[in-house]
Amino acid sequence: MSNKHICIVDDDLDDIFLMSASLRRLEAASAMTLTISTFTDAEDALNFFAGSAGAPGSLPDCVCMDINMPGLDGIELLRRLREMDHLTSLPIYIVSTTIDKHTHTKAISLGATGSYVKPESMAAMQTMQRQFLGIREIE
Amino acid sequence: MLEDIRFYFETNSFLAHGYCMTWRTDLIALHALSDFVIFLSYFIIPTALLYLYYKRSDLVQSRIILLFSAFILACGLTHLVGLITLWNPVYGFEGVVKAGTAVVSGLTAVASWMLMPAALKLPSAQTLRLKNDALGLSIAEQRRANAELETIKAELEIRIQERTRELQSKAEALERMNASLSDYAHFASHDLQEPLRKIVSFSELAIEQDTTGDAEQRLYLEKINESARRARTLVRNILHHAEIDQHTVDIQDLSLRAETEATLENLELAINDRQGRIDTDIPDIMVRADPSLVAQVLQNIIGNAIKYTPADRVPEIAITTARTDQGVDYIIKDNGMGFDPTLKDRIFQPFMRLHSNASVDGTGMGLAIVVKALGHLGWSISVDTVETQGTQFTISIPEDQIVSADASGE
């Protein structure tokens, strides 16, 4: 049984709840244990990753973050994280409400592993999260 | 002959005039002096006249002045000859001079009366002065009128400039209003998407976790989910509609056939769902247009053709093109439910739904998006329909946007 750690950075508690609920369903449907860590403030997330330098098992398997957040926004957080040497290979996904193409292109150019619009249904959410965690779709 | 002339001019047989006056010195001196002064005067007067004639030809235009001068000169000459004959009896010569003077005098006499009518009409100096004054007045009047006209012209120009400025600022205000309306629609629909997305997701979770087995409650939850999805589609369509205004047009060479195929690929799910049959017969036509606007138009029209076909009928859609004088027509014909042809013009208005039929999931925005996109493309659209039988949309692409149109197809 594999263990995966996913980190969510989003100021919207509803979205954190929905993403977590979806992840719990994925966990139940597949043979894996999921650790979910959440940050509602980008500043906190930045501090966490800055302090986690060098400790191997302390890094999540992937990060998914919103863009529109008060204070430090997702684009800036992405830029700062990519500046940290120990995070160069960490998959970082943008999951945002914005449908603006330029924002998504910018996120990719700043080193995001993928850039998504927040899914419109639970089914779409599951499909997206399977991609994040590398879980194959159940036929 | 020569002898006769010599005889005429001979003087030996005559006595000088002085004899007649018995050589009385006082008498002869009076005659001689008078004749001399008259001759001198009669010489000076025509000289003055001729001088005036040549110096002021504007003042003395008539050649009659020459005749008068000749006449006076001739009179002067007779007096000179008269003076000579006091001592020298050249009566033959005097006769010739008098005859010449007679001719010139006669001519002058006739001419002076012939000129009378014209001379009588000559304006007097006073008349001329009056006329001159009047002319001066009218010139002043004219100048004043001109100045007035200039003032009016300047005023008009200022007024035109003012009106132009007013119109310009009104146009700018309208443009700003339009832009802000478009922005408003954009932001409102964008922000509305988020709560709707949450309603959809949470109601899905609620349906999934519902353990009560209460059919009625489940129906309510499903209704919430369905309504939220419909609202989301509507909001997204409004967003698309608003976004067209903010879209930066990007003109490219497009193949109508390739664009149609791409659209059909996008609609594959909906087409397969209804087991629809699409017949396309599109020759290799290249147009210069914005690809995303063209895609919006085709997606909505072909999507509608599938959507608005009654559930018990297999959608049959024919997509063809036709060469016209003005360019190319792109025709989409379906066997759908059609509509009342009297409503033709209204179907392109936003939120216009002709079918309240719950079986059709429409927002009334599709054709409004089409019309807006076509407006930016510079294309036009017309519709023909038979209620319950089908609809045909004809999109006209103007000639100047056609790069190549191979009528023979491949």
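See the structure shown above.
Engineer: I'd like to hear about the overall build of chain A, residue by residue, with values.
Structural biologist: When you go through chain A residue by residue, the secondary structure sums to five helices and five strands. In sequence order, chain A lays out its α and β elements as β-α-β-α-β-α-β-α-β-α. For chain A, the residues scored as buried account for 31% of the 139 residues in total. Look at the contacts in chain A between residues 6 or more apart in sequence, and 69% of them connect residues 24 or more apart.

Engineer: Quick rundown of the pairing of strand 2 (residues 277-281) of chain B? Include the residues and the values.
Structural biologist: Residues and elements named next belong to chain B. Little of strand 2 sits out of view: just zero of its five residues are buried. Where strand 2 and strand 4 (residues 316-323) come together, five bridges link them in parallel fashion. Considered in strand 4, the bridge of Asp-279 is made with Ala-318.

Engineer: Let's hear about the sheet that holds strand 4 (residues 92-96) of chain A: which residues, and what values?
Structural biologist: All names here are of chain A. The strand order across the open sheet built from five strands is 2-1-3-4-5, with neighbouring strands paired in parallel fashion. At either margin of the open sheet sits one strand with a lone partner, and together these are strand 2 (32-39) and strand 5 (114-117). Across the sheet, the axes of successive neighbouring strands diverge by a mean angle of 20 degrees, strand direction being ignored. When strand 1 (residues 2-9) meets strand 3 (residues 62-65), the two strands line up parallel, connected through four bridges. Paired with Val-9 across the bridge in strand 3 is Met-65. Seen against the sheet, helix 3 (residues 74-83) touches strand 1, strand 3 and strand 4 and runs at an angle of roughly 175 degrees to strand 4.

Engineer: How would you explain the interface of chain B and chain A if you had to name every residue and give the values?
Structural biologist: Taken residue by residue, the interface counts nine residues in chain B and eight residues in chain A. Looking at the side of chain B that touches chain A, the element that brings in the most residues is helix 7 (residues 125-209) of chain B, giving eight residues. A per-class count over the side of chain B that touches chain A returns two nonpolar, two polar and five charged.

Engineer: Residue-level account of the environment of Val-314 of chain B, with values.
Structural biologist: Looking at the element boundaries, Val-314 of chain B is found in the loop between helix 11 (291-307) and strand 4. In the structure, Val-314 of chain B is positioned 38 residues away from Gly-276 of chain B in sequence and 5.7 Å away in space, judged by C-alpha atoms.

Engineer: I'd like a description of helix 12 (residues 366-377) of chain B, backed by residues and values.
Structural biologist: Residues and elements named next belong to chain B. Spanning 12 residues, helix 12 covers 16 Å between terminal C-alpha atoms, matching the ideal 16 Å at 1.5 Å per step. Buried residues dominate helix 12, accounting for nine of its 12 residues. Within helix 12 the residues assigned to the buried category are Gly-366, Leu-367, Ala-368, Ile-369, Val-370, Lys-372, Ala-373, Leu-374 and Leu-377. The elements touched by buried residues of helix 12 are helix 8 (215-246), strand 3 (285-289), helix 11 and strand 6 (380-386). Looking one or two residues beyond helix 12, the residue adopting positive phi is Gly-378, at roughly 80 degrees.

Engineer: Describe in detail the packing of helix 7 of chain B against helix 8 of chain B, supporting the description with residues and values.
Structural biologist: Residue and element names in this part refer to chain B. Two elements in contact, helix 7 and helix 8, have axes whose closest approach is 8 Å; the angle formed by their N-to-C orientations is 155 degrees. With respect to helix 8, the axis of helix 7 lies roughly antiparallel. In the crossing of helix 7 with helix 8, the sense of the turn from one axis to the other is left-handed. When its residues are assigned to classes, the contact of helix 7 with helix 8 shows 15 nonpolar, eight polar and nine charged.

Engineer: Describe the packing of helix 3 (residues 25-55) of chain B against helix 4 (residues 64-84) of chain B, naming the residues involved and giving the relevant values.
Structural biologist: Residue and element names in this part refer to chain B. Where helix 3 meets helix 4, the closest approach of the two axes is 8 Å, and the angle between their N-to-C directions is 160 degrees. When the axes of helix 3 and helix 4 are compared, the pair comes out roughly antiparallel. Pair helix 3 / helix 4 crosses with left-handed handedness. Together, Ala-32, Asp-35, Phe-36, Ile-38, Phe-39, Tyr-42, Phe-43, Ile-45, Pro-46, Leu-49, Leu-50 and Tyr-53 of helix 3 and Ile-65, Phe-68, Ser-69, Ile-72, Leu-73, Cys-75, Gly-76, His-79, Leu-80, Gly-82 and Leu-83 of helix 4 make up the contact between the two elements.

Engineer: Tell me about unusual backbone geometry, residues and numbers included.
Structural biologist: Residue and element names in this part refer to chain B. At Thr-22, a position not held by glycine, the phi torsion is positive, near 50 degrees. Within the secondary structure layout, Thr-22 lies in the loop between helix 2 (17-20) and helix 3. Positive phi, normally seen in glycine, also occurs at Gln-275, with a value near 50 degrees. Residue position: Gln-275 is located in the loop between helix 10 (268-273) and strand 2.

Calculation criteria
Residues numbered from 1 in each chain as written. Chains lettered and ligands numbered in written order. Predicted model: local features only at pLDDT ≥ 70, side-chain atom pairs only at ≥ 80, totals over all residues. Helix = DSSP H or I, 4+ residues; strand = E, 2+ residues; numbered from the N terminus. Buried ≥ 20, exposed ≤ 12 C-beta atoms within 10 Å, placed from the backbone. Contact = placed C-beta atoms within 7 Å. Pairing = 2+ DSSP bridges. Axes fitted to C-alpha atoms, helices over the stretch in contact; angles between N-to-C directions. Nonpolar A, V, L, I, M, F, W, Y, C, P; charged D, E, K, R; others polar. Expected span 1.5 Å × (residues − 1). Parallel < 35°, antiparallel > 145°, perpendicular 65-115°, else oblique. Left-handed = near helix turned anticlockwise from the far one by under 90°.

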